[in-house]
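Coordinate inspection notes
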Amino acid sequence: MKKIRLAHLYPKLLNIYGDGGNILTLKKRCEWRGIEIEIDEINIGDNIKEHDIYFIGGGQDLQQIEVSKELQKHKEFLTEERDKMAVFLGICGGYQLMGHYYQPHNGDKLLGISLMDAYTVAGNKRFIGNVTVQTELVEPNTLVGFENHSGLTYLQGETEALGKMVIGNGNNGKDGTEGARFKNVFGTYMHGSFLPKNPHFADYLIELALGSKPEPLDDTIENLTHNSLVNKKY
Ligand code: GLN
């Protein structure tokens, strides 16, 4: 069975609200199936070689400034990876940097790497709380998590939302969308961390990376957790 190579981008800077739990989920869900998974931490100054999955977590504006500058060095390579249908998952601040730019409240615009046709501008209020999303991408068709951001993200062109907001604010609190997808690039505002509470979405990413559907696992506990959070406002 094919090995999965997973790159964790800038974990020392963008790894807020337990986003590292997404890496653990992918690691365990591969290991439980006997799928070999190789995880590389990519930090500032490191070169980036080819991987099957790229993960980037969330963070405060300050850390995003440093990562925004570093990512520009790898924009061409990561765009080629996107076009070869590599899988990307960006959470919140990492999601924002996969678009064209993030304009924070103060200071200059932070350039993203335009893996998806989206942009983000800081809003006047912070969106904090539980999130439930209705999605067509996976079964069950719900995704749950926790949001904490002031950035308002707007999708353009062929970039589609992950799903529709049921509980929470999502991309911008106005258009009823949450997250984004273009090719195999996914972004979401859902911390939590996201994948442990959405094992079906974790398996969807593994399927895209492997090129075949992984065998099912006993997700009794994970599904109990997921279902306990669906439509949970507080
Ligand atoms: N700093 C960005 C914002 O406030 C992202 C925050 C985050 O990653 N939780 O929108």
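Below: a short report on this structure. In this text, all values refer to a predicted model and were calculated from it rather than measured experimentally. (Residues numbered from 1 in each chain as written. Predicted model: local features only at pLDDT ≥ 70, side-chain atom pairs only at ≥ 80, totals over all residues. Heavy atoms only, no water.)

So, the packing of helix α1 (residues 21–31) against helix α5 (residues 199–210)
- Two elements in contact, α1 and α5, have axes separated by 10 Å at closest approach and are oriented at 70°. Accordingly, the angle class assigned to the pair α1 and α5 is roughly perpendicular. Side by side, α1 and α5 meet where Thr25, Leu26, Arg29 and Cys30 of the first sit next to Pro199, Ala202, Asp203 and Ile206 of the second.
- When the residues that make up the contact of α1 with α5 are grouped by side-chain class, the tally is five nonpolar, one polar and two charged. (Axes fitted to C-alpha atoms, helices over the stretch in contact; angles between N-to-C directions. Helix = DSSP H or I, 4+ residues; strand = E, 2+ residues; numbered from the N terminus. Parallel < 35°, antiparallel > 145°, perpendicular 65-115°, else oblique. Contact = heavy atoms within 4.5 Å. Nonpolar A, V, L, I, M, F, W, Y, C, P; charged D, E, K, R; others polar.)

Things to note about the sheet that holds strand β12 (residues 185–188)
- Here we have six strands laid out as an open sheet, ordered β2-β1-β3-β4-β12-β11, and mixed in their pairing. Taken across any chain shown, the strands that pair with only one partner, and hence form the sheet edges, are β2 (37–42) and β11 (180–182). Here the average twist between neighbouring strands, direction ignored, is 15°.
- Here strand β3 (residues 53–56) pairs with strand β4 (residues 87–91) via four bridges, running parallel. Looking at the pairing, Phe55 lines up with Leu89 of β4. (Pairing = 2+ DSSP bridges.)

Digging into the nonpolar core
- Counting residues in hydrophobic clusters, the biggest one holds 56 residues, and the most contacted among them are Ile4 and Phe201.
- Per element, the largest residue contribution to this core is seven residues, and it comes from α5.
- Apart from residues no more than four positions distant in its own chain, Phe201 is found in contact with Leu137, Val138, Leu143, Leu162, Phe186, Phe194 and Leu195. (Core = buried A, V, L, I, M, F, W, Y, C linked by side-chain atoms within 4.5 Å. Buried < 20%, exposed > 50% of the residue type's maximum accessible area, 1.4 Å probe, protein only.)

Points about the site of the ligand
- The ligand sits among 16 residues. The nearest are Gly59, Asp61, Gln64, Cys92 and Gly151.
- For the ligand, an oxygen atom lies 3.2 Å from a polar atom in the side chain of Arg126.
- Within the backbone of Ser150, one N or O atom sits 3.2 Å away from an oxygen atom of the ligand.
- In isolation the ligand offers 300 Å² of accessible surface; the protein chains occlude 100% of this area.
- Elements that contribute at least two residues to the shell around the ligand include exactly α2 (61–72), α4 (93–96) and β8 (142–155).
- The leading source of residues in the shell around the ligand is β8, at four residues.
- Residues of the shell around the ligand, tallied by class, amount to three nonpolar, 11 polar and two charged. (Near = heavy atom within 4 Å. Polar contact = N/O pair within 3.5 Å; in protein donor to acceptor, adjacent residues only side chain to side chain. Areas by Shrake-Rupley, 256 points an atom, 1.4 Å probe, with all protein chains shown as cover.)

A word on the pairing of strand β1 (residues 4–9)
- In terms of residue burial, β1 counts as a mostly covered element, since five of its six residues are buried.
- In the sheet, β1 pairs with β2 via six bridges, with the strands oriented parallel. Residue pairing for β2: Leu9 is matched across the bridge by Ile42.
- One crossover worth recording links β1 to the parallel β2 by way of α1, and it is right-handed.
- Judged from the four bridges that link them, β1 and β3 form a sheet pairing that is parallel. (Right-handed = clockwise from strand over helix to strand, strands pointing away.)

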